[in-house]
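# Observations on chain architecture
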Amino acid sequence: MAGCYIHIPFCAQKCSYCDFYFSTNRSYQDKMVGALSRELELRSDNWKSEYFETIYFGGGTPSVLTEAQLKRLIQQIQRFYTVSEQVEITLECNPDDCTPEKLSRWKELGVTRLSIGIQSFDDEQLCWMNRGHTAAESRNAVLNAKKVGFDELSLDLIYGLPNLSLDDWKTQIREITALDPEHISAYCLTVENKTALSKWVAEGKILISNVDQQSEQFELLVSELKKMGYEQYEISNFARDEHYSKHNTSYWKGVKYLGIGPSAHGYNQVERYWNKANNRVYISELEKGQLPETVEVLSNQDCFNETLMIGLRTKWGVSKKDLFAMIYPESEWFQIVKNYEQRKILVETADSFLLTEAGRLLADTVAADLFLIK
(Lines give C-alpha, C1' and ligand atoms only; values in the text may rest on other atoms or scores of the structure.)
Protein backbone atom coordinates (compact mmCIF):
# COMPACT_ATOMS: atom_id res chain seq x y z
CA MET A 1 0.00 0.00 0.00
CA ALA A 2 1.26 3.49 -0.88
CA GLY A 3 0.05 6.99 -1.65
CA CYS A 4 0.91 9.52 -4.34
CA TYR A 5 1.09 13.27 -3.66
CA ILE A 6 1.33 15.76 -6.53
CA HIS A 7 2.21 19.35 -5.72
CA ILE A 8 0.65 21.88 -8.10
CA PRO A 9 2.77 25.03 -7.59
CA PHE A 10 0.33 27.65 -8.87
CA CYS A 11 -2.26 29.96 -7.31
CA ALA A 12 -4.42 32.71 -8.75
CA GLN A 13 -3.27 35.02 -5.93
CA LYS A 14 -1.16 34.88 -2.77
CA CYS A 15 -2.85 34.59 0.62
CA SER A 16 -1.38 36.92 3.22
CA TYR A 17 -0.51 34.11 5.67
CA CYS A 18 0.74 31.42 3.28
CA ASP A 19 4.37 30.27 2.97
CA PHE A 20 3.76 27.17 0.82
CA TYR A 21 5.74 27.00 -2.40
CA PHE A 22 3.84 28.26 -5.46
CA SER A 23 3.79 30.96 -8.14
CA THR A 24 1.05 33.28 -9.35
CA ASN A 25 2.68 33.33 -12.80
CA ARG A 26 0.74 30.63 -14.60
CA SER A 27 2.02 31.34 -18.12
CA TYR A 28 4.08 28.12 -18.09
CA GLN A 29 1.48 25.94 -16.38
CA ASP A 30 1.29 23.47 -19.27
CA LYS A 31 5.08 23.16 -19.29
CA MET A 32 4.96 22.36 -15.58
CA VAL A 33 2.40 19.62 -16.16
CA GLY A 34 4.81 18.15 -18.69
CA ALA A 35 7.58 18.16 -16.08
CA LEU A 36 5.29 16.55 -13.47
CA SER A 37 4.44 13.85 -16.03
CA ARG A 38 8.15 13.29 -16.69
CA GLU A 39 8.91 12.95 -12.97
CA LEU A 40 6.12 10.38 -12.62
CA GLU A 41 7.75 8.38 -15.42
CA LEU A 42 11.30 8.64 -14.05
CA ARG A 43 10.34 7.55 -10.53
CA SER A 44 8.15 4.63 -11.61
CA ASP A 45 10.88 1.93 -11.64
CA ASN A 46 11.48 2.32 -7.91
CA TRP A 47 7.77 1.97 -7.13
CA LYS A 48 6.90 -1.07 -9.27
CA SER A 49 6.12 -3.23 -6.26
CA GLU A 50 3.77 -0.69 -4.66
CA TYR A 51 0.00 -0.57 -4.84
CA PHE A 52 -1.42 2.95 -4.79
CA GLU A 53 -4.63 3.40 -2.81
CA THR A 54 -4.60 7.21 -2.68
CA ILE A 55 -3.73 10.08 -5.00
CA TYR A 56 -3.70 13.61 -3.61
CA PHE A 57 -3.45 16.82 -5.63
CA GLY A 58 -2.22 19.56 -3.29
CA GLY A 59 -0.53 22.88 -3.63
CA GLY A 60 -0.76 25.68 -4.37
CA THR A 61 -4.19 25.44 -5.85
CA PRO A 62 -4.73 22.29 -7.95
CA SER A 63 -8.16 23.52 -9.02
CA VAL A 64 -6.44 26.02 -11.36
CA LEU A 65 -5.49 23.10 -13.61
CA THR A 66 -7.45 22.70 -16.83
CA GLU A 67 -9.45 19.53 -17.38
CA ALA A 68 -6.86 18.37 -19.94
CA GLN A 69 -3.95 18.97 -17.57
CA LEU A 70 -5.57 17.10 -14.68
CA LYS A 71 -6.56 14.26 -17.00
CA ARG A 72 -2.99 13.99 -18.29
CA LEU A 73 -1.59 13.60 -14.76
CA ILE A 74 -4.18 11.03 -13.68
CA GLN A 75 -3.59 8.99 -16.84
CA GLN A 76 0.18 9.18 -16.32
CA ILE A 77 -0.18 7.72 -12.82
CA GLN A 78 -2.42 4.96 -14.15
CA ARG A 79 0.04 4.24 -16.96
CA PHE A 80 3.17 3.83 -14.84
CA TYR A 81 1.85 2.66 -11.46
CA THR A 82 -0.46 0.00 -10.04
CA VAL A 83 -3.58 1.82 -8.82
CA SER A 84 -6.47 0.41 -6.80
CA GLU A 85 -9.86 0.29 -8.50
CA GLN A 86 -11.22 1.96 -5.34
CA VAL A 87 -8.50 4.62 -5.30
CA GLU A 88 -9.24 7.78 -3.31
CA ILE A 89 -8.38 10.79 -5.52
CA THR A 90 -8.44 14.06 -3.58
CA LEU A 91 -8.34 17.50 -5.19
CA GLU A 92 -7.69 20.60 -3.11
CA CYS A 93 -9.76 23.46 -4.46
CA ASN A 94 -10.86 27.01 -3.78
CA PRO A 95 -14.59 27.81 -3.54
CA ASP A 96 -14.42 30.24 -6.48
CA ASP A 97 -13.21 27.41 -8.73
CA CYS A 98 -16.12 25.12 -7.80
CA THR A 99 -18.47 25.93 -10.66
CA PRO A 100 -21.02 23.27 -11.66
CA GLU A 101 -19.14 22.77 -14.94
CA LYS A 102 -15.74 22.22 -13.31
CA LEU A 103 -17.18 20.01 -10.60
CA SER A 104 -18.82 17.78 -13.21
CA ARG A 105 -15.56 17.45 -15.12
CA TRP A 106 -13.59 16.56 -11.99
CA LYS A 107 -16.16 13.90 -11.16
CA GLU A 108 -15.92 12.46 -14.67
CA LEU A 109 -12.10 12.33 -14.40
CA GLY A 110 -12.35 10.12 -11.31
CA VAL A 111 -11.86 12.62 -8.48
CA THR A 112 -13.63 11.10 -5.47
CA ARG A 113 -12.92 13.64 -2.74
CA LEU A 114 -12.72 17.44 -2.57
CA SER A 115 -10.84 19.44 0.05
CA ILE A 116 -12.32 22.94 -0.14
CA GLY A 117 -10.36 25.83 1.35
CA ILE A 118 -13.11 27.88 2.96
CA GLN A 119 -10.94 29.22 5.85
CA SER A 120 -13.60 31.66 7.14
CA PHE A 121 -17.23 32.67 6.72
CA ASP A 122 -16.41 36.30 7.57
CA ASP A 123 -15.95 38.40 4.43
CA GLU A 124 -13.77 40.94 6.25
CA GLN A 125 -11.42 38.21 7.41
CA LEU A 126 -11.35 36.71 3.91
CA CYS A 127 -10.44 40.14 2.54
CA TRP A 128 -7.34 40.71 4.69
CA MET A 129 -6.32 37.07 4.08
CA ASN A 130 -6.49 37.94 0.35
CA ARG A 131 -8.69 34.96 -0.39
CA GLY A 132 -10.32 35.00 -3.81
CA HIS A 133 -13.81 34.08 -2.64
CA THR A 134 -16.63 35.25 -0.40
CA ALA A 135 -18.56 33.38 2.28
CA ALA A 136 -21.53 33.12 -0.10
CA GLU A 137 -19.31 31.50 -2.74
CA SER A 138 -18.14 28.97 -0.13
CA ARG A 139 -21.70 27.93 0.63
CA ASN A 140 -22.53 27.69 -3.07
CA ALA A 141 -19.40 25.63 -3.73
CA VAL A 142 -20.46 22.99 -1.20
CA LEU A 143 -24.05 22.91 -2.50
CA ASN A 144 -22.85 22.61 -6.09
CA ALA A 145 -20.44 19.80 -5.18
CA LYS A 146 -23.24 17.85 -3.54
CA LYS A 147 -25.54 18.34 -6.52
CA VAL A 148 -22.87 16.94 -8.82
CA GLY A 149 -22.59 13.86 -6.59
CA PHE A 150 -19.50 14.39 -4.44
CA ASP A 151 -20.17 12.56 -1.19
CA GLU A 152 -16.68 12.96 0.28
CA LEU A 153 -16.22 16.64 1.11
CA SER A 154 -13.63 18.08 3.47
CA LEU A 155 -13.90 21.75 4.44
CA ASP A 156 -11.00 23.80 5.86
CA LEU A 157 -11.35 26.45 8.56
CA ILE A 158 -8.80 28.63 10.38
CA TYR A 159 -8.98 29.71 14.02
CA GLY A 160 -6.79 32.11 15.96
CA LEU A 161 -7.59 34.92 13.51
CA PRO A 162 -7.18 38.55 14.61
CA ASN A 163 -10.20 39.93 16.50
CA LEU A 164 -11.93 36.53 16.47
CA SER A 165 -14.00 36.31 19.64
CA LEU A 166 -15.17 33.02 21.13
CA ASP A 167 -18.75 33.87 20.10
CA ASP A 168 -17.59 34.64 16.55
CA TRP A 169 -15.74 31.33 16.42
CA LYS A 170 -18.81 29.47 17.63
CA THR A 171 -20.75 31.06 14.77
CA GLN A 172 -18.07 29.90 12.32
CA ILE A 173 -18.34 26.33 13.62
CA ARG A 174 -22.13 26.41 13.25
CA GLU A 175 -21.77 27.75 9.71
CA ILE A 176 -19.49 24.93 8.65
CA THR A 177 -21.52 22.14 10.30
CA ALA A 178 -24.70 23.54 8.71
CA LEU A 179 -23.16 22.59 5.35
CA ASP A 180 -23.08 18.97 6.57
CA PRO A 181 -19.64 17.92 5.28
CA GLU A 182 -18.26 14.46 5.97
CA HIS A 183 -14.91 15.90 7.08
CA ILE A 184 -13.64 19.13 8.63
CA SER A 185 -10.02 20.31 8.99
CA ALA A 186 -9.30 23.22 11.32
CA TYR A 187 -5.89 24.85 11.65
CA CYS A 188 -4.56 27.54 13.94
CA LEU A 189 -3.27 30.66 12.20
CA THR A 190 0.52 30.80 12.39
CA VAL A 191 2.70 33.76 11.48
CA GLU A 192 5.25 32.47 8.97
CA ASN A 193 8.38 34.40 8.01
CA LYS A 194 8.42 36.38 4.77
CA THR A 195 4.63 36.59 4.48
CA ALA A 196 2.50 39.72 4.33
CA LEU A 197 1.01 38.73 7.67
CA SER A 198 4.42 38.62 9.38
CA LYS A 199 5.14 42.13 8.09
CA TRP A 200 1.80 43.48 9.36
CA VAL A 201 2.35 41.89 12.77
CA ALA A 202 5.87 43.34 13.00
CA GLU A 203 4.52 46.78 12.09
CA GLY A 204 1.73 46.50 14.66
CA LYS A 205 -0.99 46.70 12.01
CA ILE A 206 -2.47 43.34 13.05
CA LEU A 207 -2.66 41.88 16.54
CA ILE A 208 -2.96 38.10 16.45
CA SER A 209 -4.68 36.09 19.16
CA ASN A 210 -2.63 34.83 22.09
CA VAL A 211 -2.02 31.23 23.15
CA ASP A 212 -4.84 31.25 25.70
CA GLN A 213 -7.36 32.51 23.14
CA GLN A 214 -6.19 29.91 20.62
CA SER A 215 -6.54 27.14 23.22
CA GLU A 216 -10.07 28.29 24.11
CA GLN A 217 -11.05 28.28 20.44
CA PHE A 218 -9.53 24.83 19.93
CA GLU A 219 -11.35 23.39 22.94
CA LEU A 220 -14.63 24.92 21.76
CA LEU A 221 -14.05 23.45 18.30
CA VAL A 222 -13.52 19.93 19.68
CA SER A 223 -16.55 20.22 21.99
CA GLU A 224 -18.95 21.60 19.37
CA LEU A 225 -17.93 19.17 16.64
CA LYS A 226 -18.25 16.25 19.04
CA LYS A 227 -21.85 17.30 19.73
CA MET A 228 -22.48 17.24 15.99
CA GLY A 229 -21.13 13.70 15.59
CA TYR A 230 -17.62 14.52 14.37
CA GLU A 231 -14.78 12.40 15.73
CA GLN A 232 -11.39 14.03 16.28
CA TYR A 233 -9.22 11.35 14.71
CA GLU A 234 -6.19 13.63 14.36
CA ILE A 235 -5.48 16.87 16.20
CA SER A 236 -6.65 19.10 13.33
CA ASN A 237 -8.99 16.68 11.56
CA PHE A 238 -12.56 15.62 12.29
CA ALA A 239 -14.79 13.12 10.51
CA ARG A 240 -18.27 11.68 10.74
CA ASP A 241 -18.86 7.95 10.45
CA GLU A 242 -15.18 7.23 9.79
CA HIS A 243 -14.99 9.37 6.65
CA TYR A 244 -11.28 9.85 7.31
CA SER A 245 -8.88 11.20 4.71
CA LYS A 246 -7.28 7.93 3.60
CA HIS A 247 -4.32 9.77 2.13
CA ASN A 248 -3.47 11.85 5.19
CA THR A 249 -4.11 8.90 7.48
CA SER A 250 -1.48 6.96 5.55
CA TYR A 251 1.04 9.73 6.38
CA TRP A 252 0.22 9.49 10.08
CA LYS A 253 0.55 5.70 10.01
CA GLY A 254 3.95 5.80 8.32
CA VAL A 255 2.87 4.37 4.95
CA LYS A 256 5.14 4.94 1.94
CA TYR A 257 4.28 7.85 -0.33
CA LEU A 258 5.53 9.14 -3.65
CA GLY A 259 5.97 12.92 -3.84
CA ILE A 260 5.86 14.66 -7.21
CA GLY A 261 6.43 18.35 -8.00
CA PRO A 262 8.53 21.31 -6.81
CA SER A 263 9.09 21.19 -3.01
CA ALA A 264 7.32 17.81 -2.74
CA HIS A 265 8.61 15.16 -0.34
CA GLY A 266 8.59 11.39 -0.81
CA TYR A 267 9.18 8.58 1.70
CA ASN A 268 9.80 4.84 1.33
CA GLN A 269 10.38 3.96 5.04
CA VAL A 270 14.15 3.89 4.44
CA GLU A 271 14.85 7.19 2.71
CA ARG A 272 13.19 10.56 2.36
CA TYR A 273 13.69 12.80 -0.64
CA TRP A 274 12.56 16.33 -1.35
CA ASN A 275 12.47 18.20 -4.63
CA LYS A 276 13.89 21.64 -5.23
CA ALA A 277 11.45 24.44 -4.45
CA ASN A 278 12.03 26.33 -7.66
CA ASN A 279 9.71 25.96 -10.64
CA ARG A 280 12.24 26.93 -13.31
CA VAL A 281 15.00 24.68 -11.93
CA TYR A 282 12.52 21.83 -11.44
CA ILE A 283 11.38 22.00 -15.08
CA SER A 284 14.92 22.44 -16.41
CA GLU A 285 16.34 19.40 -14.61
CA LEU A 286 13.49 17.14 -15.64
CA GLU A 287 13.87 18.25 -19.25
CA LYS A 288 17.44 16.89 -18.94
CA GLY A 289 16.10 13.62 -17.54
CA GLN A 290 17.37 14.38 -14.02
CA LEU A 291 15.43 14.20 -10.76
CA PRO A 292 15.62 17.57 -8.92
CA GLU A 293 15.96 15.92 -5.52
CA THR A 294 17.93 15.73 -2.31
CA VAL A 295 17.91 12.31 -0.60
CA GLU A 296 18.32 11.57 3.10
CA VAL A 297 18.86 8.05 4.46
CA LEU A 298 16.89 7.83 7.71
CA SER A 299 18.52 6.44 10.84
CA ASN A 300 16.61 4.34 13.37
CA GLN A 301 16.57 7.38 15.61
CA ASP A 302 15.09 9.54 12.83
CA CYS A 303 12.37 6.94 12.27
CA PHE A 304 11.69 6.65 16.02
CA ASN A 305 11.23 10.41 16.40
CA GLU A 306 9.05 10.76 13.34
CA THR A 307 6.86 7.77 14.23
CA LEU A 308 6.41 9.24 17.70
CA MET A 309 5.58 12.74 16.46
CA ILE A 310 2.99 11.80 13.85
CA GLY A 311 1.47 8.92 15.81
CA LEU A 312 0.77 11.01 18.90
CA ARG A 313 -1.37 13.33 16.79
CA THR A 314 -3.89 10.60 16.04
CA LYS A 315 -6.62 8.74 17.89
CA TRP A 316 -4.68 5.50 17.29
CA GLY A 317 -1.58 6.79 19.06
CA VAL A 318 1.88 5.25 18.67
CA SER A 319 2.31 1.49 18.42
CA LYS A 320 4.81 0.34 21.03
CA LYS A 321 5.75 -2.60 18.84
CA ASP A 322 6.58 -0.35 15.86
CA LEU A 323 8.36 2.22 18.00
CA PHE A 324 10.56 -0.15 19.95
CA ALA A 325 11.44 -2.17 16.86
CA MET A 326 13.57 0.84 15.87
CA ILE A 327 15.24 1.62 19.20
CA TYR A 328 14.53 0.63 22.78
CA PRO A 329 14.99 3.78 24.88
CA GLU A 330 16.86 4.04 28.15
CA SER A 331 15.07 4.26 31.50
CA GLU A 332 15.11 8.08 31.54
CA TRP A 333 12.76 8.07 28.55
CA PHE A 334 10.21 5.96 30.39
CA GLN A 335 10.40 8.33 33.36
CA ILE A 336 9.32 11.20 31.08
CA VAL A 337 6.42 9.03 29.90
CA LYS A 338 5.45 8.29 33.50
CA ASN A 339 5.52 12.00 34.40
CA TYR A 340 3.14 12.78 31.54
CA GLU A 341 0.89 9.91 32.60
CA GLN A 342 0.73 11.27 36.15
CA ARG A 343 -0.28 14.67 34.75
CA LYS A 344 -3.00 12.93 32.68
CA ILE A 345 -1.48 14.15 29.43
CA LEU A 346 -0.43 10.74 28.13
CA VAL A 347 -1.98 7.28 28.44
CA GLU A 348 -0.14 3.98 28.03
CA THR A 349 -2.11 0.92 26.98
CA ALA A 350 -0.86 -2.60 26.40
CA ASP A 351 -0.13 -1.71 22.77
CA SER A 352 0.18 2.07 22.42
CA PHE A 353 0.94 5.51 23.78
CA LEU A 354 -1.98 7.95 23.40
CA LEU A 355 -2.51 11.61 24.20
CA THR A 356 -5.50 12.55 26.34
CA GLU A 357 -7.79 15.42 25.34
CA ALA A 358 -5.71 17.76 27.51
CA GLY A 359 -2.56 16.31 25.99
CA ARG A 360 -3.62 17.17 22.46
CA LEU A 361 -3.12 20.82 23.31
CA LEU A 362 0.52 19.99 24.06
CA ALA A 363 1.22 17.47 21.31
CA ASP A 364 4.34 19.18 19.92
CA THR A 365 5.80 19.73 23.38
CA VAL A 366 5.22 16.12 24.45
CA ALA A 367 6.76 14.77 21.23
CA ALA A 368 9.79 17.06 21.57
CA ASP A 369 10.35 15.90 25.17
CA LEU A 370 10.25 12.27 24.04
CA PHE A 371 12.52 12.67 21.02
CA LEU A 372 15.77 10.74 21.17
CA ILE A 373 18.67 13.14 20.72
CA LYS A 374 22.09 12.08 19.48
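Nothing here was measured: the structure is a model prediction, and the numbers come from that model.

## Some words on the pairing of strand β6 (residues 183–188)
Note that strand β5 (residues 153–159) and β6 share six bridges and pair parallel. Opposite Leu-157, over in β6, you have Ala-186 as the bridge partner. Crossover connection from β5 via helix α6 (residues 166–178) to parallel β6: handedness right-handed. The sheet contact formed by β6 and strand β8 (residues 237–239) spans three bridges and is antiparallel. Among the inter-strand pairings, Ile-184 is bridged to a residue of β8, identified as Phe-238.

## Structural notes on the layout of surface pockets
In this structure, the second largest pocket occupies an estimated 360 Å³ of space. Lining the second largest pocket are 18 residues, with Trp-252, Lys-253, Gly-254, Thr-307 and Asp-322 sitting closest to its centre. Secondary structure elements with two or more residues in the lining of the second largest pocket: α11 (300–312), β13 (318–319) and α12 (320–326). Considering every element that reaches the lining of the second largest pocket, the biggest residue donor is α11, with five residues. Tallied by class, the residues present in the lining of the second largest pocket amount to seven nonpolar, eight polar and three charged.

## What about the packing of helix α1 (residues 29–43) against helix α2 (residues 67–80)?
One can describe the packing of α1 onto α2 by two numbers: an axis separation of 9 Å at closest approach and a directional angle of 10 degrees. It follows that α1 is roughly parallel to α2 by the angle criterion. Residues Gln-29, Asp-30, Val-33, Gly-34, Leu-36, Ser-37, Leu-40 and Glu-41 of α1 touch α2, and the partners they reach there are Gln-69, Arg-72, Leu-73, Gln-76, Ile-77 and Phe-80. Among the residues making up the contact of α1 with α2, the classes are represented as six nonpolar, five polar and three charged.

## With respect to the nonpolar core
Soluble, globular proteins show a tendency: their nonpolar side chains are buried together. Core analysis: the largest hydrophobic core is formed by 97 residues, its most contacted members being Phe-57, Trp-106, Leu-114 and Trp-333. Setting aside residues no more than four positions away along its own chain, Trp-333 makes contact with Phe-304, Leu-308, Leu-323, Phe-324, Phe-353, Leu-370 and Leu-372. Ranked by size, the runner-up nonpolar core spans five residues in total, among them Tyr-233, Ala-239, Tyr-244 and Trp-252.

## Describing the state of the cysteines
Going through the model one piece at a time under the given rule, you end up with zero disulfides. Cys-93 carries a free sulfur, and the closest cysteine sulfur to it, the one in Cys-98, is 3.7 Å from it. Given a relative accessible area of 3%, Cys-93 falls into the buried group.

## As for the sheet that holds strand β15 (residues 352–355)
Judged by pairing direction, the sheet is antiparallel, and its three strands sit side by side in the order β13-β15-β14 without closing on themselves. The open sheet has two free edges, formed respectively by β13 and β14 (346–348), since each of these has just one partner strand. Relative to β15, β13 runs antiparallel, the two being bridged by two bridges. By the bridge assignment for β15, Ser-319 is matched with Ser-352.

## Thoughts on unusual backbone geometry
The omega torsion of the bond from Gly-59 to Gly-60 falls at 25 degrees, within 30 degrees of zero and hence cis. Phi at Lys-194 takes a positive value of approximately 65 degrees, unusual for a residue other than glycine. Positionally, Lys-194 belongs in the loop between β6 and α7 (196–202). The class of Lys-194 is exposed, set by a relative accessible area of 84%. Positive phi, normally seen in glycine, also occurs at Lys-344, with a value near 60 degrees.

Rules behind the numbers
Residues numbered from 1 in each chain as written. Predicted model: local features only at pLDDT ≥ 70, side-chain atom pairs only at ≥ 80, totals over all residues. Heavy atoms only, no water. Pairing = 2+ DSSP bridges. Helix = DSSP H or I, 4+ residues; strand = E, 2+ residues; numbered from the N terminus. Right-handed = clockwise from strand over helix to strand, strands pointing away. 1 Å grid on protein atoms, 1.4 Å probe; cavity = no way out; pocket = protein on both sides within 12 Å on 5 of 7 lines; lining within 4 Å. Points joined across faces, edges and corners; volume = space filled by probe spheres on them. Nonpolar A, V, L, I, M, F, W, Y, C, P; charged D, E, K, R; others polar. Axes fitted to C-alpha atoms, helices over the stretch in contact; angles between N-to-C directions. Parallel < 35°, antiparallel > 145°, perpendicular 65-115°, else oblique. Contact = heavy atoms within 4.5 Å. Core = buried A, V, L, I, M, F, W, Y, C linked by side-chain atoms within 4.5 Å. Buried < 20%, exposed > 50% of the residue type's maximum accessible area, 1.4 Å probe, protein only. Disulfide = S-S within 2.5 Å.

Function cannot be read off these values alone, since they describe shape.
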